[in-house]
Amino acid sequence: MNNITKKTLFSVVFLFVFTFSQTSVAETSVSMVKLAEIENRVNSMGVSQLNERMKSLNEEQDELEAEQQSTQSPSANKRITERLAEIAAELSAIQKALVALVGAAAISNLTDDGYDDNVPPVITIIGSNPATVELGTTYTDGGATAFDEFHGATPVTSAGTVDTSSVGSYTITYTATDKDGNTATATRVVNVVDTTAPVVTVTGANPASVELGATYTDAGATATDASGTVTVVSSGTVDTDTVGTYTISYSSTDASGNVGTASRTVNVSDTVAPVFTSPATFTVDEGTTAIGTVTATDLTAVTFTVSGTELAITPAGVLTFVVEADYEAQVENPVTLPYDGSTYDITATVTATDANSNTATQDITVKIRDVGGIDDNTETGTSTNTSTATEGDTDTGTATATSTTGTATATSTTGTATATSTTGTDTATSTSGTATGTGTGTGTGTGTGTGTGTGT
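A brief structural summary. As the structure is a prediction and not an experimental result, all values here were calculated from the model.

About the criteria used
- Residues numbered from 1 in each chain as written.
- Predicted model: local features only at pLDDT ≥ 70, side-chain atom pairs only at ≥ 80, totals over all residues.
- Heavy atoms only, no water.
- Helix = DSSP H or I, 4+ residues; strand = E, 2+ residues; numbered from the N terminus.
- Expected span 1.5 Å × (residues − 1).
- Buried < 20%, exposed > 50% of the residue type's maximum accessible area, 1.4 Å probe, protein only.
- Pairing = 2+ DSSP bridges.
- Axes fitted to C-alpha atoms, helices over the stretch in contact; angles between N-to-C directions.
- Salt bridge = Lys/Arg side-chain N within 4 Å of Asp/Glu carboxyl O.
- Arc of directions from axis to C-beta.
- Patch = residues over 30% accessible without salt bridge, like charges linked within 9 Å, V, L, I, M, F, W, Y side chains within 5 Å.
- Areas by Shrake-Rupley, 256 points an atom, 1.4 Å probe, with all protein chains shown as cover.
- Lys, Arg positive; Asp, Glu negative; His and termini not counted.
- Charge placed at Lys NZ, Arg CZ, Asp CG, Glu CD.
- Phe/Tyr/Trp six-rings, centres within 6.5 Å; stacked < 30°, edge-to-face > 60°.
- Polar contact = N/O pair within 3.5 Å; in protein donor to acceptor, adjacent residues only side chain to side chain.

**Details of helix α4 (residues 47-70)**
No. 1: Over its 24 residues, α4 runs 35 Å from end to end, which matches the ideal 34 Å to within 8%, given 1.5 Å per residue.
No. 2: Residues of α4 that are buried: L50, N51, M54, L57, N58, Q61 and L64.

Here it is, written out as structure tokens:
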């Protein structure tokens, strides 16, 4: 066995275990031309070349078998099957060549490797190294494999943990020991990092609404983060004296400097209508246009309008007649009107509108009082009269008419008639009895009083 390399011995054992059973099938599924090509190539190689070729074919075989298990394509599966047959045929040829070179007896007497080596296995770490995992997530290690030059695949053990709840660097150590006690180690560094910003949640309504002039109290926000407790900072103001849209911003920063943000929209609105503070009734004398001022309260400026055609109002609320007030205008024949303090009433609707288009209405009544009687002259007036009659043996009667200004007439069929006019014309008539009349000056007004007394 001095001329047999350790690598060759391993190769022969592997080939006997793995390829012998496939030899006849592989050779029958490969064309004669291809078999001849493989045999010529193998026969031209030495022991070391055969060993290297065997290793290369085994690796290709593993890759193809893995691909065959995952593919769904008939054409790909056919290609893989044909190539696997060629590989099996070539491995069979290599086996025959190695047997011829090292001798069948040496192989049949081989119960273990028959030698001691001092070369440790080679460990291959599967996956990224260093590896990165996000804070708070689950880490699953990719593991490692080991291959010994003289013993083949070698078991690997690992040690170390990764705490994904804490930012930091962690180490996983892999160890493999071959049959001769040679030990190899390898390590993977796993970095637990925090690249995720806190999640900020706005508390309460968003958008929020507040009435103009009211007090706004922000409900704030909360934040959560994988690193643990974090705080929230807010910024922004809301001016409830001004209608508009405002923004409150929230931010939270974790221990790794990641910043999470959120915002709330606050709408300041005016939905309250003006409130009237002036009376609903105004009383004026005829002959004027001024009535009064309508007032209303609101947080914003208020303007006024009025319905109908008889009244007018300024935006500031000054109420007037379009034409001078006239008590007698309510009828065509003023003689039929009462002159006992009654009023001529005009009604209309006043609308108050604030700066944000909220409106309120008030029905108002304007009462017009008579001034100066039917002719609207304070120097003239309307008379009153009294009449008495007494029955007896002699017909007697009394009639009295008084007019402060105008004409006074008193008539008594039998008795005494007295008419007095301070200014104007007086008339006293007595059919039988005494008539007395006193008058001074000339009057333009008329006043009439009539009294009648009759006795038998």
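**Section: the sheet that holds strand β13 (residues 259-269)**
No. 1: Strand order in this open sheet of 4 strands is β9-β13-β12-β11, and the pairing throughout is mixed. Looking at the sheet topology across the chains shown, the edges are occupied by β9 (208-211) and β11 (233-235). Across the sheet, the axes of successive neighbouring strands diverge by a mean angle of 25 degrees, strand direction being ignored.
No. 2: Bridging between β9 and β13 involves 4 bridges; their strand directions are parallel. Within the sheet, the bridge partner assigned to A208 lies in β13 and is V266.

**A short note on the sheet that holds strand β5 (residues 157-159)**
No. 1: Spatially, 4 strands are ordered β2-β7-β6-β5 in an open sheet, and the strand pairing comes out mixed. Only two strands of the sheet have a single partner each, and these edge strands are β2 (131-134) and β5. Recorded for the sheet is a direction-independent mean angle of 25 degrees between the axes of neighbouring strands.
No. 2: As defined by bridge partners, strand β6 (residues 168-177) adjoins strand β7 (residues 183-193) across 10 bridges and the pair is classed as antiparallel. Paired with T177 across the two strands is T183, which belongs to β7.

**Focus on the pattern of salt bridges**
No. 1: One pass over the full model with this rule turns up 12 salt bridges.
No. 2: Its salt-bridge partner being E37, residue R41 comes within 3.7 Å of it at the nearest N-O pair. Residue R41 and its partner E37 are both found in helix α3 (residues 32-43); the two are separated by 4 residues, about one turn of the helix.
No. 3: Its relative accessible area of 26% is what places R41 among the partly exposed residues.
No. 4: Exposure remark for E37: the relative accessible area of 37% places this residue in the partly exposed category.
No. 5: Two residues, R369 and D285, come together in a salt bridge whose shortest N-O distance is 2.8 Å. A residue pair is termed long-range when its members are at least 10 positions apart, and R369 in strand β22 (residues 359-369) and D285 in strand β15 (residues 281-285) qualify at 84 residues.
No. 6: With a relative accessible area of 35%, D285 lands in the partly exposed category.

**A word on α3**
No. 1: When the terminal C-alpha atoms of α3 are compared, their 16 Å separation across 12 residues agrees well with the 16 Å that a helix rising 1.5 Å per residue should span.
No. 2: Turning to α3, its buried residues number three or more, namely L35, I38 and V42. Buried residues of α3, seen end-on, are gathered within an arc of 65 degrees and therefore sit on one face of the element. Away from the buried face of α3 by more than 90 degrees, exposed residues M32, V33, N40 and N43 are located.

**Considerations on a nonpolar patch on the surface**
No. 1: Together, V335, Y339 and I374 line one region of the surface with nonpolar side chains, adding up to about 280 Å² of accessible area.
No. 2: Here I374 shows up in the loop between β22 and β23 (384-390).

**Re a negative patch on the surface**
No. 1: A surface patch of like charges, here negative, comprises E59, D62, E63 and E65.
No. 2: Along the chain, E59 falls in helix α4.

**What to know about the packing of aromatic side chains**
No. 1: Scanning the model with the defined rule gives 2 aromatic pairs in all.
No. 2: Ring geometry for F276 versus F304: centroids 6.4 Å apart, planes at 50 degrees, classification tilted. Taken together, the positions of F276 in strand β14 (residues 275-276) and F304 in strand β18 (residues 302-306) put the pair 28 residues apart, joining distant regions of the chain.

**Details of the environment of E286**
No. 1: One can find E286 in the loop between β15 and β16 (290-293).
No. 2: Classification of E286 by relative accessible area gives buried; the value is 10%.
No. 3: C-alpha of E286 to C-alpha of A325: the two residues are 39 residues apart in sequence and 4.6 Å apart in space.
No. 4: Within polar-contact distance, the side chain of E286 engages the backbone nitrogen of Y327 at 2.7 Å.

**Considerations on unusual backbone geometry**
No. 1: The linkage connecting N129 with the following residue, P130, adopts the cis geometry, with an omega of 5 degrees.
No. 2: Summarising the element assignment, P130 is placed in the loop between β1 (122-125) and β2.
No. 3: Of note, the amide linkage connecting N206 to P207 takes the cis form, showing an omega dihedral of 5 degrees.
No. 4: Phi at S357 is positive, roughly 70 degrees, even though this residue is not glycine.
No. 5: The residue S357 is located in the loop between β21 (343-354) and β22 in this model.

That is the geometry; function is a separate question.
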